[in-house]
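Read off the chains here:
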Amino acid sequence: MDLFFRIIGALIFLPFIGFYSYVLGPILKLILLPGGLLLLLLILGKEDGIEPLFEAFKTKTETSEGIEVP
């Protein structure tokens, strides 16, 4: 009887793991990562969050070698 419950448990559990790993996981990453970064920038404010971010992007795009070492 114990083997029966283990087989039934695996048949119920494994599809949910596959669904989460290959379907729900990437969808959550697409939603939660940008949302978390936007919330962080909102918390930091304009002077500490947004302006340094744009400065970092601007200095990287203006370098001719592509890699900037401080």
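Since the structure is predicted, the reported quantities are computational estimates derived from the model, not experimental observations.

### Section: the overall build of the protein
The helix and strand inventory of the protein stands at 1 helix and 0 strands. Counting the 70 residues in the protein, one finds 3% classified as buried. Only carbon and sulfur atoms are counted for the fraction: they give 74% of the accessible area of the protein, which is about 6600 Å².

### Things to note about a nonpolar patch on the surface
On the surface, a cluster of nonpolar side chains totalling about 1000 Å² of accessible area is made up of Phe-19, Tyr-20, Tyr-22, Val-23, Leu-24, Ile-27, Leu-28, Leu-30, Ile-31 and Leu-32. Tracing the backbone through its elements, the reader meets Leu-24 in helix 1 (residues 2-62). Given the relative accessible area of 31%, Leu-24 is considered partly exposed.

Calculation notes
- Residues numbered from 1 in each chain as written.
- Predicted model: local features only at pLDDT ≥ 70, side-chain atom pairs only at ≥ 80, totals over all residues.
- Heavy atoms only, no water.
- Helix = DSSP H or I, 4+ residues; strand = E, 2+ residues; numbered from the N terminus.
- Buried < 20%, exposed > 50% of the residue type's maximum accessible area, 1.4 Å probe, protein only.
- Areas by Shrake-Rupley, 256 points an atom, 1.4 Å probe, with all protein chains shown as cover.
- Patch = residues over 30% accessible without salt bridge, like charges linked within 9 Å, V, L, I, M, F, W, Y side chains within 5 Å.
- Salt bridge = Lys/Arg side-chain N within 4 Å of Asp/Glu carboxyl O.

Any link to function would need more than the numbers given here.
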